[in-house]
Amino acid sequence: SGKHLRVFFTHCFAQNIRLEQKLMKWPLWLTEGMASYIGETNGYLAMMAGVEPVGLDKSDKEMAAARNHPYGRGLLFFNAFESRFGTSGVKNLIHQLVNEKKEYRKAIESATGMTWKAFVEAERMWSKSLLISRYPVRPSPTQIIISCPQLFSRRIIGDMILFSL
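Just so you know, these numbers come straight off a predicted model, no measurement behind them.

**Let's talk about the packing of helix α2 (residues 28-38) against helix α4 (residues 70-99)**
Okay, so step 1: At a closest axis distance of 8 Å, the pairing of α2 and α4 adopts a crossing angle of 75 degrees. Considering the angle they form, α2 stands roughly perpendicular to α4. Where α2 approaches α4, its residues Leu28, Trp29, Leu30, Glu32, Gly33, Met34, Ser36, Tyr37 and Ile38 are matched on the opposing element by Pro70, Tyr71, Gly74, Leu75, Phe77, Phe78, Glu82, Thr87, Val90, Ile94, Leu97 and Val98.
Okay, so step 2: For the contact of α2 with α4, the class distribution of residues is 15 nonpolar, 4 polar and 2 charged.

**As for the packing of aromatic side chains**
Okay, so step 1: Scanning the entire structure with this criterion turns up 12 aromatic pairs.
Okay, so step 2: Aromatic ring contacts, followed pair by pair, group Trp29, Tyr37, Phe77, Phe78, Phe81, Phe85, Tyr104, Trp116, Phe119 and Trp126 into a single cluster.

**Considering the nonpolar core**
Generally speaking, soluble globular proteins have nonpolar side chains that are buried together.
Okay, so step 1: By size, the foremost hydrophobic cluster in this structure holds 36 residues, and its most contacted members are Phe77, Phe78, Leu93, Leu97 and Phe119.
Okay, so step 2: For this core, the elements supplying multiple residues, two or more each, are α2, α4, α5 (104-112) and α6 (116-134).
Okay, so step 3: Of all the elements, α4 adds the most residues to this core, at 12 residues.
Okay, so step 4: Excluding residues that lie within four positions of it along the chain, Phe119 makes contacts with Leu56, Phe77, Phe81, Phe85, Ile108, Thr112, Met114 and Trp126.

**A few points about the pattern of salt bridges**
Okay, so step 1: Considering all chains together, one arrives at 7 salt bridges under this definition.
Okay, so step 2: Linking Glu52 and Lys128 is a salt bridge whose minimum nitrogen-to-oxygen distance equals 3.5 Å. Linking Glu52 in the loop between α2 and α3 (60-65) with Lys128 in helix α6, this pair joins segments that are 76 residues apart in sequence.
Okay, so step 3: What makes Glu52 partly exposed here is its relative accessible area of 40%.
Okay, so step 4: Taking the shortest distance from any N to any O, the salt bridge between Glu100 and Lys102 comes out at 3.9 Å.
Okay, so step 5: Each of Glu52, Glu121, Arg124 and Lys128 takes part in salt bridges that share partners, so that together they form one network.

**Quick word on the confidence of the model for the protein chain**
Okay, so step 1: Looking at the protein chain, pLDDT values average 74 and 65% of them are 70 or higher.
Okay, so step 2: Put simply, helix α8 (residues 154-163) is where the protein chain has its lowest mean pLDDT, 38, and α5 is where it has its highest, 96.
Okay, so step 3: Overall, residues 144-165 carries pLDDT values under 50, and its contacts beyond four positions in sequence, including any with other chains, amount to 37 contacts.

**Observations concerning unusual backbone geometry**
Okay, so step 1: For Arg67, which is not a glycine, the phi torsion comes out positive at approximately 60 degrees.
Okay, so step 2: Structurally, Arg67 can be placed in the loop between α3 and α4.

**Side note on α5**
Okay, so step 1: Within α5, burial applies to Tyr104, Ala107, Ile108, Ala111 and Thr112. Buried residues of α5, seen end-on, are gathered within an arc of 115 degrees and therefore sit on one face of the element.
Okay, so step 2: In this structure, the buried residues of α5 make contact with α2, α4 and α6.
Okay, so step 3: At the exit of α5 stands Gly113, carrying a positive phi of roughly 75 degrees.

Conventions and cut-offs
- In every chain, residue numbers begin from 1 and rise along the written sequence.
- Local features in this predicted model are restricted to residues whose pLDDT is 70 or higher, and side-chain atom pairs enter the listing and the counts only when it is 80 or higher, whereas totals over whole chains, interfaces and linings include all residues.
- Here the side-chain values reflect all heavy atoms present in the structure, with hydrogen atoms and water set aside.
- Structural elements are reduced to axes, namely lines fitted to C-alpha atoms, with helices fitted over the stretch in contact, and the angle between N-to-C directions of any two is expressed from 0 to 180 degrees.
- Secondary structure counts use DSSP, requiring at least four H or I residues in a row for a helix and at least two E residues in a row for a strand, with both numbered from the N terminus.
- Any angle that is under 35 degrees is reported as roughly parallel, and any over 145 degrees as roughly antiparallel; angles of 65 to 115 degrees are reported as roughly perpendicular and all others as oblique.
- Working rule for contacts: check all heavy atoms of both residues, and any pair within 4.5 Å makes them a contact.
- Residue polarity follows a fixed list, in which Ala, Val, Leu, Ile, Met, Phe, Trp, Tyr, Cys and Pro are nonpolar, Asp, Glu, Lys and Arg are charged, and the others, Gly among them, are polar.
- Paired rings are identified among Phe, Tyr and Trp, the last through its six-membered ring, by centres lying within 6.5 Å, and are further divided according to the angle between planes into stacked (under 30 degrees), edge-to-face (over 60) and tilted (the rest).
- The definition of a nonpolar core used throughout is a set of buried Ala, Val, Leu, Ile, Met, Phe, Trp, Tyr and Cys residues joined through side-chain atoms within 4.5 Å.
- Categorising residues by exposure relies on relative accessible area from a 1.4 Å probe, with only protein chains included: less than 20% of the type maximum marks a residue as buried, more than 50% marks it as exposed, and the intermediate range marks it as partly exposed.
- Salt bridges are defined as contacts in which a side-chain nitrogen from Lys or Arg sits within 4 Å of a carboxyl oxygen from Asp or Glu.
- Scored from 0 to 100, pLDDT records how confident the predictor is in each individual residue.
- Arc definition: it is the arc formed by the directions from the helix axis to the C-beta atoms.

Right, dumping it as structure tokens:
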């Protein structure tokens, strides 16, 4: 349908920002979270249901070890950010990241008025609260796939199987 194509192309466009950002070294959660947020693919939040969100200061490898899927964790970050700072805050953050090319921790500090360390802990608590409110019971892997039909790629399904173990 037209909506699915719009979401797909918006997500792909946002992901391609990462190609330009190679020297900025954005973590995977930030790139995938921004692409998912902009592409309105909120179904990815279900990937974090029943998982303790780790701090954003962890490496991609540490996040994966804690079962924090980059799509879900990044989207959780943007949803938590919006719940605290509104859509104008998210727009400001994205503007600083993409247009001003600020290092991501500095952009977050500037957009929030908080230190990186304080923000990391506050965001983890917001994210945890948001997950509990949306998913009081952890959905099954089948429910996650149904809530997020764009996940039918082989790579994502493989991640989903690992995620559900």
